[in-house]
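# Reading the structure
Below are the chains, spelled out letter by letter.
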Amino acid sequence: MASVNSDEWRAICDKFNNAQNLTEVESRNDPENDPFRSKYKARELLREIYCSLKSFEAGEGEEESGGESGEQRPTEQPVDGQREDGQGISGDSPAGMRAAKLGAVEYYLGVNHVDTEELSAGQEHLMNCMKLLERCRVSSENVSLFIHVRNQLGILWAGRDETEMAQGFLETAESIYQRYMKEDGSPPTDMTEYFTSEENLLTHQERTKRFELAYTHTMYYLAQVYKNLGETERAATYCHSTLQRQLQLNQFSPMEWALNAATLSQYYITKGRYMEGRHCLSAATVISGLAGEVPSEAAAQESETESERREHLRQKRAEIARCWIKYCLNLLQDSKKLLEDNIGELDTDRQDELKRARRREEEEEEKGRKSALLFGSEDTFDSIASLEEKVLCLFPLDFTEARSVFLVGQNYVTQAKEYFQMDGYVTDHIEILQDHSSLFRALAFFEEDLERRCKMHKRRVDMLEPICNDLNSQYYLLIRRQLMFELAETYSEMMDLKLTLANRQADTQSLDNHTIKKFNSLCSASAKYFQMFLDSLCSPEGKFPDVLEEEVLRPALVARFRVARLHSRLISSVPPVQLENLNRSLENYKYVVQYCEAHPEAAAAAETELELSKEMVGLLPLKINRLKARMAANN
């Protein structure tokens, strides 16, 4: 190998620097009709470097190294990346350094071919790099290359949906890193330093940063692999660690990092780990702020760059706001499940029990915070902690606590709607409205004052009803069905609340006309929306399907049952109207029973409704006959 001070070696170093510049800088300006021009030039320089290295090697009497590529990973390569017998060439020996330098050029040629979408050639060069390193023991001189090449092969195989192959390379890279840090730990040589003059070698600090960044990439790719393998908890752990390392190394794009943290929060929420979910979201909000202010509309109109930046920042921050909405909504809903009795009302004994246990939970939360992997640097940690303090991560146990969570959620609803407007983002806008409605519904559970609870449900109707009636069924049929069903249920809840309030003041026989009118109005509105849902299932000719699709089976049977129940509850003093209501009620109860008899597999979808329908099919004819007899007697 030529002396590091020789002219030949300096020429190689210059070519390498030019290749790096072409790849990392010049390629950004390549024209659309020749997108890889700079990378092709870099490839030629790398090939020249490879030939020069081989000629040096031949001049020194070295044997040929490298070899043919194999599709499969070398079977003799053990998990820790070293030879099983503990032998092999020392990484800092002349032969070890020659192998590392040739391996590095193979590595860069491999990455170059992958970047230009020549995957098979890329794989061949990367595997050549692996074969060159097989002869060597891991050391500070080559450990970085050991990890980088496996990272690239992991990405390559993952891109081919060969997830387990990718897993093998990446887990080996992880093991190599962990063993090296345990047994040596000194800042290792970076691959670029193989072709750098002595005066331009990296500082120990820069070496450490680059090495840790390579391992951060290993963790990031492993997170994707574990996600694709369905190992969600492991994926979340690796994702969390990756995000933390990116902050520590100051190697991240604020908005991309923030969105990844917000997405990770949704995993924690589904697992009921609200402390971690809140921490991810608080960090996401703070870090997204590092991206700067959103350009004004005026600035966006004057500059295309500013326009794109405005759009990017507004969209990503709105998406983070939507993750906050889900956090608040799920926290309230999970708390409701803990506190409700068998009829869906607040269980005060359970509430008292949970309040007594609250102190212990707070202590556990504090311990959890100390043991958790927290995001942040000296600059951001306090801001993240401050934001966390503004929202609970323990289950709210009364109206005051629930309202504090609700208000945070409602604030993010406002933020999200500023970007996801009805004009342009119909589906997103409606989903946000549905979440807002669900926030009101969850809060209403904690409200003891029935009048105020009724007003919360009225707010839900006011936000959803105009949208439902204005939407075009041809394009938004599924969304309309969702809205119809929710409106029907909301009116039904309001009807029950009004009746409960009236019964507290007098018995049912003594209801005043105003109360009866209000009750019937809510009852009819609920029945109307359930019927609209059922009508939406009909063919263009208006025929109801003989066989219900699986996705609408339960909703359709429940809607029929609820329509039956609502018609039987309408209050009227006019016998013919009473008879009409009872007949319509019986007709819908019969449908539920007859459909489940004709399709026995459907019974499991609505067991409770079927049982009650059978009971009512037996009882209602008696009631109808008594009413008919009374009407005949009066005539």
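Residues numbered from 1 in each chain as written. Predicted model: local features only at pLDDT ≥ 70, side-chain atom pairs only at ≥ 80, totals over all residues. Heavy atoms only, no water.

## So, the overall build of the protein chain
Along the backbone of the protein chain there are 22 helices and zero strands. Relative to the globule expectation of 26 Å for 635 residues, the C-alpha radius of gyration of the protein chain, 34 Å, shows a markedly less compact shape. Each principal axis of the C-alpha atoms in the protein chain carries an extent, and together these give about 120 × 60 × 55 Å. Within the protein chain, buried positions represent 49% of all 635 residues. Pairs at least 24 residues apart make up 72% of the contacts formed inside the protein chain by residues separated by at least 6 positions. Taken as two groups, the 77 positive and 107 negative side-chain charges of the protein chain have centres that lie 8 Å from each other. (Helix = DSSP H or I, 4+ residues; strand = E, 2+ residues; numbered from the N terminus. Rg over C-alpha atoms; globule rule 2.2 N^0.38 Å. Buried < 20%, exposed > 50% of the residue type's maximum accessible area, 1.4 Å probe, protein only. Contact = heavy atoms within 4.5 Å. Lys, Arg positive; Asp, Glu negative; His and termini not counted. Charge placed at Lys NZ, Arg CZ, Asp CG, Glu CD.)

## Quick word on helix 6 (residues 163-183)
A rise of 1.5 Å per residue sets the reference length of helix 6, with its 21 residues, at 30 Å; its end C-alpha atoms lie 30 Å apart and thus fit the reference within 8%. In the segment just after helix 6, Gly 185 is the residue with positive phi, at about 85°. (Expected span 1.5 Å × (residues − 1).)

## Overview of the pattern of salt bridges
Summed over the entire model, instances satisfying the criterion amount to 33 salt bridges. Ionic pairing is found between Glu 276 and Arg 273, a salt bridge with its closest N-O pair at 3.3 Å. Relative accessible area serves as the criterion here: at 30%, Arg 273 is assigned to the partly exposed category. When the shortest N-O distance is used, the salt bridge between Arg 358 and Glu 401 registers 3.1 Å. Taken together, the residues span a long stretch of sequence, with Arg 358 in helix 13 (residues 348-371) and Glu 401 in helix 15 (residues 399-419) at a distance of 43 residues. Three or more residues joined by partner-sharing salt bridges are found here, namely Arg 441, Arg 460, Glu 486 and Glu 493. (Salt bridge = Lys/Arg side-chain N within 4 Å of Asp/Glu carboxyl O.)

## Structural notes on the state of the cysteines
Applying the stated criterion across every chain, the model contains zero disulfides. As a non-bridged cysteine, Cys 51 has Cys 13 as the owner of its nearest cysteine sulfur, 17 Å distant. What makes Cys 51 exposed here is its relative accessible area of 52%. Here Cys 328 is not cross-linked by a disulfide; its sulfur's nearest cysteine counterpart is in Cys 323, at 12 Å. (Disulfide = S-S within 2.5 Å.)

## A word on the nonpolar core
By size, the foremost hydrophobic cluster in this structure holds 125 residues, and its most contacted members are Tyr 327, Leu 548 and Leu 557. Discounting chain neighbours no more than four positions away, the residues touching Leu 557 are Leu 548, Tyr 591, Val 592, Tyr 595, Cys 596, Ala 602 and Ala 606. (Core = buried A, V, L, I, M, F, W, Y, C linked by side-chain atoms within 4.5 Å.)

## Some remarks on the domain arrangement of the protein chain
For the protein chain, the assigned domains read domain 1 (7-55 + 90-271), domain 2 (272-346 + 376-433), domain 3 (449-505 + 512-543) and domain 4 (545-634). Look at where the C-alpha atoms of domain 1 and domain 3 centre, and you get two points 59 Å apart. (Domains from an automatic or database assignment.)

## Regarding the environment of Ser 526
Within the secondary structure, Ser 526 sits in helix 19 (residues 513-535). Sequence-wise, Ser 526 and Leu 566 are 40 residues apart; in three dimensions their C-alpha atoms are separated by 7.8 Å. Excluding residues within four positions of it along the chain, Ser 526 makes contact with Ala 488, Tyr 491, Ser 492 and Leu 566. A polar contact of 2.7 Å, which involves the side chain of Ser 526, links it to the backbone oxygen of Ala 488. (Polar contact = N/O pair within 3.5 Å; in protein donor to acceptor, adjacent residues only side chain to side chain.)

## Some points on the packing of aromatic side chains
Any two aromatic rings considered together are summarised by their centre-to-centre distance and by the angle between their planes. If you walk through the whole model with that rule in mind, you get 29 aromatic pairs. Ring geometry for Tyr 491 and Tyr 529: centres 6.0 Å apart, planes at 10°, overall stacked. With Tyr 491 in helix 18 (residues 473-505) and Tyr 529 in helix 19, this residue pair connects regions lying 38 residues apart in the sequence. With respect to class, Tyr 491 is no different from Tyr 529; both count as buried. Taken together, Trp 9, Phe 16, Tyr 107, Tyr 108, Tyr 194 and Phe 195 form an aromatic cluster joined through their ring pairs. Directly above the ring of Trp 157 sits Arg 160, whose terminal nitrogen or CZ lies 4.8 Å from the centroid. The positively charged end of Arg 322 is found above the aromatic ring belonging to Phe 420, 5.2 Å away from the centroid. (Phe/Tyr/Trp six-rings, centres within 6.5 Å; stacked < 30°, edge-to-face > 60°. Lys NZ or Arg CZ within 6 Å of the ring centre and 35° of its normal.)

## Things to note about the side chain of Ser 282
Structurally, the position occupied by Ser 282 is in helix 10 (residues 274-289). With near-sequence residues (within four places) excluded, Ser 282 lies in contact with Trp 324, Ile 384, Leu 387 and Glu 388.

## Concerning the environment of Ala 527
Turning to its location among the elements, Ala 527 is positioned in helix 19. Along the backbone, Ala 527 and Cys 393 are 134 residues apart, and their C-alpha atoms lie at a distance of 39 Å. Those residues in contact with Ala 527 that sit more than four places away from it in its chain are Val 563 and Leu 566.

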